[in-house]
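Residues per chain are reported as follows:
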Amino acid sequence: MKHWNKLSKEAIHARVFGALSNNIDFYEENILGVPGSHLDSKLFYQDAPFLKDAPFLTALIHNPNHIGCHTLGKSESFFRGTHEIERELIGLCAENILNGEEGAFDGYVAAGGTEANLQAIWIYRNYFRNEFNVKNSAICILCSTDSHYSMSKAANVFDLDMALVPVDEHTREIKQDELENIIREQRAKGKSCFIVVANMMTTMFGSVDNADVYARALEASGSRFMIHADGAFGGFIYPFTNPANTLDFRNKYITSVTLDAHKMVQAPYGTGIFLIRKGLMQHANTKEASYVEGEDYTLIGSRSGANAIAVWMILMTYGKYGWNEKTTILLQRTSWLASELDKLNIQYFRNPFSNIVTIRSAHVPEEIAAKYGLVPDSHHSPKWYKVVVMEHVLIERLLPLLEDLKQYQWERRLAETNTINR
Ligand SMILES: *Cc1c(COP(=O)(O)O)cnc(C)c1O
């Protein structure tokens, strides 16, 4: 997509209703061969008067199926109108957000970040097997100990080994010397191909990996590798707060990226976004999907077209500058929280481009964590609690937390003084 300019409400409505009118209409047309229909009409009637002002709800009850991948080859012609919106959304994310070249990417709206990460690992496993004739036992998933648990899930599902690189306790950066040791160990175990997942903001810390550290070490070792960036959390904020970042498609080593619109974009659940450079998606083609026009390159199969429409509508309502403003505000609030914690000498981790502040559990008693819904790194033995500065996390909402943390600090000091004096 050349420009990501904000659209008026009227233009968005016209576009979505126009797209729906290019799909088949289960209400009006004689479509006899698909195992799909509009939503059950006893509950979801299409003639509710408010629907004419509600393009997303209308899309939901029309229930288009976006099965397959619409950026390559053929797609189900029944739903070509709304497929076009998804194609535009994929272009917007790859080109306008992640700085890729025009028309050079495939992708689709996945169930979530988990599926998008699995999709990447599935593609690279098959790529190594197809291109270099290796077995699973020669392939290793490589990521940091701060990575999301979906990588363990992928290792299990795709029957691959995984190696975790430790991170520095304070900076959360991957330890380079340990990375080199791990690569050496894995090569000794017969691994020659590595699937790297670099984090564009981790779930717990908002920390960001340097993909070039992985690339240099793997190149030096003479290994084959592919790098996927997991931006499930950070993909809709980090590229805006840090435009000079090295985790987008300007980096030749990054071949695919996960984004999650149901996190920072506040889209409905079911809106992970998977993006990959052209030429690789084919490794996930299931040719046996012969009843699907255009076959299927995705893990999920049937999926709701309304999800893609929701994300497209949100991003087009803001436009590039509006989205920039939104992320700037979140970042400012986060910086404010960080500076207040500094004043109280409370230890925390924060990447300066991120909207997550992760506080050492020593400063946070369980009651405070529970009262404010702070999420621990581990429910068994919390070492950290995080605050995620989302739209509803206003400074007014942060003030009582800071007050309570201050009170706790004061009580603890008092208790310590009493013990010493006794
Ligand atoms: C949330 C998250 C995921 C998983 O996303 P789901 O949408 O919950 O499947 C993967 N990676 C990171 C970094 C995340 O924050």
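Use the structure listed above.
Bear in mind that the values here come from a model prediction, so they are computed numbers and not experimental data.

Novice: Could you give an account of the nonpolar core, naming the residues involved and the relevant values?
Specialist: Of all hydrophobic cores here, the largest spans 88 residues; its most connected members are Leu-89, Leu-142, Ile-227, Phe-236, Ile-273, Leu-275 and Leu-315. The element contributing the most residues to this core is helix H9 (residues 305-343), with 13 residues. Non-local contacts of Leu-275, meaning those with residues more than four positions away in its chain, are made with Ile-90, Cys-93, Ala-94, Leu-98, Asp-106, Gly-107, Phe-249, Thr-255, Ser-256, Val-257 and Leu-259. By size, the runner-up hydrophobic cluster in this structure holds 33 residues, among which are Ala-138, Ile-139, Ala-154 and Leu-280.

Novice: Now, about the site of the ligand: what can you tell me, with residues and values included?
Specialist: The environment of the ligand is made up of 14 residues, and the closest members are Thr-114, Asp-230, Asp-260, His-262 and Lys-263. Contacts to the ligand include Thr-203, whose side-chain N or O atom sits 2.9 Å from an oxygen atom. For the ligand, whose unbound accessible area comes to 380 Å², protein coverage reaches 87%.

Novice: I'd like a rundown of the sheet that holds strand E2 (residues 139-144), residues and numbers included.
Specialist: One open sheet holds the seven strands; their spatial order is E1-E7-E6-E5-E4-E2-E3, and the pairing between them is mixed. Every interior strand has two partners, whereas the edge strands, strand E1 (105-110) and strand E3 (161-165), have only one. Between one strand axis and the next, the sheet turns through 20 degrees on average, direction left out of account. Here E2 pairs with E3 via five bridges, running parallel.

Novice: A description of the packing of aromatic side chains should follow, citing residues and the corresponding values.
Specialist: If you walk through the whole model with that rule in mind, you get 14 aromatic pairs. Arranged with centres 6.2 Å apart and planes meeting at 55 degrees, the rings of Phe-26 and Phe-79 form a pair that is tilted. Within this pair, whereas Phe-26 is found in the loop between helix H1 (9-22) and helix H2 (55-62), its partner Phe-79 is found in the loop between H2 and helix H3 (80-97), the two being separated by 53 residues in sequence. With relative accessibility at 14%, the residue Phe-26 sits in the buried group. Accessibility expressed as a relative area gives 7% for Phe-79, which makes it buried. Judged by centre distance (4.9 Å) and plane angle (85 degrees), the rings of Tyr-318 and Trp-323 are edge-to-face. In this structure Trp-323 comes out as buried when scored by relative accessible area, which is 0%. Here a set of aromatic residues connected by ring pairs shows up, and it is made of Phe-26, Phe-78 and Phe-79. Over the aromatic face of Phe-205 sits the side chain of Arg-172, whose NZ or CZ is 3.8 Å from the ring centroid. In this structure, Arg-224 packs its charged tip against the face of Phe-132, placed 3.8 Å from the ring centre.

Novice: If you had to explain the sheet that holds strand E11 (residues 384-388) to someone new, which residues and values would you point to?
Specialist: Judged by pairing direction, the sheet is antiparallel, and its four strands sit side by side in the order E8-E9-E11-E10 without closing on themselves. What marks the edges here is a single partner per strand, and that holds for strand E8 (348-349) and strand E10 (375-376). The pairing of strand E9 (residues 356-360) with E11 spans five bridges and is classified as antiparallel. Across the sheet, Arg-360 pairs through a bridge with Trp-384, a residue of E11. The sheet strands contacting H9 are E8, E9 and E11, and the helix crosses E9 at an angle near 20 degrees.

Novice: An account of the packing of H1 against H9 is requested, with residue identities and associated values reported.
Specialist: In contact at an axis separation of 10 Å, H1 and H9 are set at 155 degrees when each is read in the N-to-C sense. Compared by their axis directions, H1 and H9 come out roughly antiparallel. Where H1 crosses over H9, the two elements pack in a sense that is right-handed. Residues Ile-12, Arg-15 and Val-16 of H1 form the contact with H9, whose participating residues are Ile-309, Trp-312, Met-313, Met-316 and Thr-317. Classifying every residue of the contact of H1 with H9 gives six nonpolar, one polar and one charged.

Novice: Talk me through a nonpolar patch on the surface; I want residue IDs and the actual numbers.
Specialist: On the surface, Phe-50, Leu-57 and Leu-60 cluster together into a nonpolar patch covering about 260 Å² of accessible area. Residue placement: Phe-50 occurs in the loop between H1 and H2.

Novice: Describe the packing of H1 against H3, with residues and values.
Specialist: A pair of packed helices is captured by two measures, namely the crossing angle of their axes and the spacing between those axes. At their nearest, the axes of H1 and H3 sit 5 Å apart, and the two run at 135 degrees to each other. Here H3 runs oblique to H1, going by the angle between their axes. Facing H1, whose interface residues are Arg-15, Val-16, Ala-19, Leu-20 and Asn-22, H3 presents Arg-80, Gly-81, Thr-82, Glu-84, Ile-85 and Glu-88. Looking at the contact of H1 with H3 residue by residue, the class counts come to four nonpolar, three polar and four charged.

Novice: Quick one: what's the story with the environment of Met-201, residue by residue and with numbers?
Specialist: Position of Met-201 among the secondary structure elements: in the loop between strand E4 (193-199) and helix H7 (211-220). Spatially, the C-alpha atom of Met-201 lies 9.6 Å from that of Asn-355, the residues being 154 residues apart in sequence. The contacts of Met-201, once residues within four sequence positions are left out, are Gly-206, Ser-207, Val-208, Asp-230, Phe-233, Gly-234, Ile-237, Tyr-238, Ser-354, Asn-355 and Ile-356.

Reading the values: rules and limits
Residues numbered from 1 in each chain as written. Predicted model: local features only at pLDDT ≥ 70, side-chain atom pairs only at ≥ 80, totals over all residues. Heavy atoms only, no water. Core = buried A, V, L, I, M, F, W, Y, C linked by side-chain atoms within 4.5 Å. Buried < 20%, exposed > 50% of the residue type's maximum accessible area, 1.4 Å probe, protein only. Helix = DSSP H or I, 4+ residues; strand = E, 2+ residues; numbered from the N terminus. Contact = heavy atoms within 4.5 Å. Near = heavy atom within 4 Å. Polar contact = N/O pair within 3.5 Å; in protein donor to acceptor, adjacent residues only side chain to side chain. Areas by Shrake-Rupley, 256 points an atom, 1.4 Å probe, with all protein chains shown as cover. Pairing = 2+ DSSP bridges. Axes fitted to C-alpha atoms, helices over the stretch in contact; angles between N-to-C directions. Phe/Tyr/Trp six-rings, centres within 6.5 Å; stacked < 30°, edge-to-face > 60°. Lys NZ or Arg CZ within 6 Å of the ring centre and 35° of its normal. Parallel < 35°, antiparallel > 145°, perpendicular 65-115°, else oblique. Left-handed = near helix turned anticlockwise from the far one by under 90°. Nonpolar A, V, L, I, M, F, W, Y, C, P; charged D, E, K, R; others polar. Patch = residues over 30% accessible without salt bridge, like charges linked within 9 Å, V, L, I, M, F, W, Y side chains within 5 Å. Salt bridge = Lys/Arg side-chain N within 4 Å of Asp/Glu carboxyl O.

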